Amino acid sequence: MKALFFDGSLKLTELPVPEPGKDEVLIRVLYSAICNTDLEITRGYMAFKGIPGHEFMGEVVSGSGKFYGKKVVGEINCYCGECYLCRNARMRHCTSRTVLGIYAHDGVFADYVVLPERNLHLIPQDFPAQLAVFTEPLAAAVEIFEQVHISPSQKVYIFGAGKLGLLISLVFKMNGCDATTYDTNETKVNKARSMGICAGLLSTLNDQDKAEVCVDCTGSAGGISQAMTHLYPGGKLVLKTTVANSSKIDLNQIVINEFEIIGSRCGPFTPALNLLIKGLVDPTPIIAKTFDFTDILAAFEFASKPDTLKVLIKH
Ligand SMILES: [Zn+2]
Ligand SMILES: [Zn+2]
C-alpha cells in the first residue's frame, strides 16, 4: 500500500498492508486531516517513527462484526483495559497505551490502517467525510467541558485562533459562554469573526484585562505564560498546546495567584459526533484545502505555513 513514512524526514513509500491482530480490524482510509500534532511530529515530537496521522474517516474492510463494510471514525488511544487507569475509566491514559500515528502505532496517512474494534464509532453512511474527520479534534475541544465547570457568567479568553482554537471557540459559543478568542494574526481573527466567534487581535488586550478561564491553544511554547498574564487570581488555565520544544514557566505565579492548571488532551467521541451530526457545530469554514493522498508531501508543506487552517487529504 502507499504510505507516508516519517523517520527524521517524510517520504511517500510502499509498505505492506498491516495485519489486524486479535480484536482489531483493517480500515481503508477514505479521508484524513493534518493536525498540528502531525507537524510537531516532523519537528521531533514524541520521537515518533512510522506512519503519522490520526484524524480520519474510513471503511472497515475486515472482520465480520457490526462494523464490516461500514463507515467509521476511530478513537486514537489503544488501551489494555486491565491496568489501574483503564479500570478507573481513564483508558486514554492507559499505562501501556499506543496512540494512532503519535506513539508506537502506525497512523492513517496510508491506504489502510489497523485499529481495535472497540475504538470505532459508526457514522451515518451518507455523512460528509469532510465533517467526519473533525470528530477527533472536536472531541479534544469538548474535553474542556468534561474537565472544567464553566458558568455562563464567567469571562473566558481563548488564545489562538488556529484549527483547534476555532473548534474550541465554536463549542464555547454553542454553550453560551462569554468567550473571546485572541490571536496575533489578523487573517485568523477575521476568519473567526466570519464564523460568528467573538474575536480580537492580541495586541488590543491590555495586561489589566483578565478572565476567569483562559484556554491556551496557541500551539507555541510561550502561550502558557501569556495566558497566565490574563488570568484572575483563583482562575482556571486550560492547556491545549503540545510542542516539541517545551516551555519554561514561572511556577511562583501559579502559587501566588492560586491558579488552577488543567492539562487537556483527547476527548470523548460520542458528544463530538453528536455536535457534528446534528449540525450544532459546523467546522466547514476551517477547511483550507483538500489534497489528493498522492500529493501529501505538498499538503504538509502547505499545512506548515503559519496561517493555514485545516488541510484535508482525500485517499
Ligand atoms: Zn489531532
Ligand atoms: Zn490500561
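The notes below deal with the structure included here. (Residues numbered from 1 in each chain as written. Chains lettered and ligands numbered in written order. Predicted model: local features only at pLDDT ≥ 70, side-chain atom pairs only at ≥ 80, totals over all residues. Heavy atoms only, no water.)

1. Observations concerning the nonpolar core
The cut-off we apply is this: For this analysis, a nonpolar core means a set of buried residues of the types Ala, Val, Leu, Ile, Met, Phe, Trp, Tyr and Cys, connected via side-chain atoms within 4.5 Å. The classification of residues rests on relative accessible area computed with a 1.4 Å probe and restricted to protein chains. Under 20% of the type maximum is buried, over 50% is exposed, and intermediate values are partly exposed. A helix here means a DSSP run of H or I that spans at least four residues, while a strand means a run of E at least two residues long, and both kinds are numbered starting from the N terminus. Domain start and stop points were drawn from an automatic or database domain assignment.
Formed by 49 residues in total, the largest nonpolar core has its most connected members in Leu138, Phe172 and Val215. Taken together, the elements giving at least two residues each to this core come down to strand 3 (24-34), helix 3 (129-132), helix 4 (135-147), strand 11 (155-159), helix 5 (163-174), helix 6 (186-194), strand 14 (211-216) and helix 9 (269-277). The biggest single contributor to this core is helix 5, with 6 residues. Mapping this core onto the domain boundaries places at least three of its residues in each of domain 1 (2-134 + 283-314) and domain 2 (140-263). Counting 37 residues, the second largest nonpolar core, distinct from the first, contains Leu4, Val29, Cys78 and Leu100.

2. Considering the side chain of lysine 188
Heads up, the condition is: Charged residues are defined narrowly, with Lys and Arg counted positive, Asp and Glu counted negative, and His plus the chain ends left uncounted. Salt bridge, as applied in this entry: a Lys or Arg side-chain nitrogen positioned within 4 Å of an Asp or Glu carboxyl oxygen. Should any heavy atoms of two residues lie within 4.5 Å, those residues are considered in contact.
Relative to the elements of secondary structure, lysine 188 occurs in helix 6. Put simply, lysine 188 is tucked away with no salt bridge, and the nearest opposite charge, on aspartate 183, sits 4.7 Å away. Setting aside residues up to four positions removed in sequence, lysine 188 forms contacts with Ala161, Gly162, Asp183, Pro306 and Asp307.

3. Some words on the coordination of the zinc ion (ligand 2)
To be explicit about the condition: Any N, O or S atom lying within 2.8 Å of the metal counts as a donor, and for Na, K and Ca the limit rises to 3.2 Å; water is left out, so some sites can look incomplete. Any site counts as irregular unless it has four donors with all angles between 85 and 135 degrees, making it tetrahedral, or four or six donors with opposite ones more than 155 degrees apart and the rest between 65 and 115, making it square planar or octahedral.
For the zinc ion (ligand 2), every protein donor is listed as Cys80 (SG), Cys83 (SG), Cys86 (SG) and Cys94 (SG), and the spread of their distances is 2.3 to 2.4 Å. One can describe the site at the zinc ion (ligand 2) as tetrahedral: its 4 donor atoms subtend angles covering 103 to 116 degrees at the metal. In primary-sequence terms, the residues that donate to the zinc ion (ligand 2) follow C-x2-C-x2-C-x7-C. Residue cysteine 80 is classed as partly exposed on the basis of its relative accessible area, which comes to 31%.

4. Examining the pairing of strand 15 (residues 231-239)
Quick note on the threshold: For two strands to be treated as a pair, DSSP must find no fewer than two bridges joining them. Here, the term right-handed applies to a crossover whose path from the first strand over the helix to the second runs clockwise when the strands point away from the viewer.
Bridge count for strand 14 against strand 15 is 5 bridges, and the pairing is parallel. Its bridge partner lying in strand 15, valine 213 is registered against lysine 236. After leaving strand 14, the chain enters helix 7 (residues 223-229) and then returns to the sheet as strand 15, a path that is right-handed. Sheet analysis places strand 15 next to strand 16 (residues 260-263), joined by 4 bridges and oriented parallel. If you follow valine 238 over to strand 16, its bridge partner there is isoleucine 262.

5. Overview of the coordination of the zinc ion (ligand 1)
Octahedral metals with six donors have ideal donor angles of 90 or 180 degrees. Tetrahedral metals with four donors have an ideal donor angle of 109.5 degrees. Listed as protein donors to the zinc ion (ligand 1) are Cys35 (SG), His54 (NE2) and Glu55 (OE); their distances from the metal cover 2.1 to 2.4 Å. Site description for the zinc ion (ligand 1): donor spacing in sequence, C-x18-H-E. Judged by relative accessible area, histidine 54 falls into the buried class, the value being 2%.

Function cannot be read off these values alone, since they describe shape.
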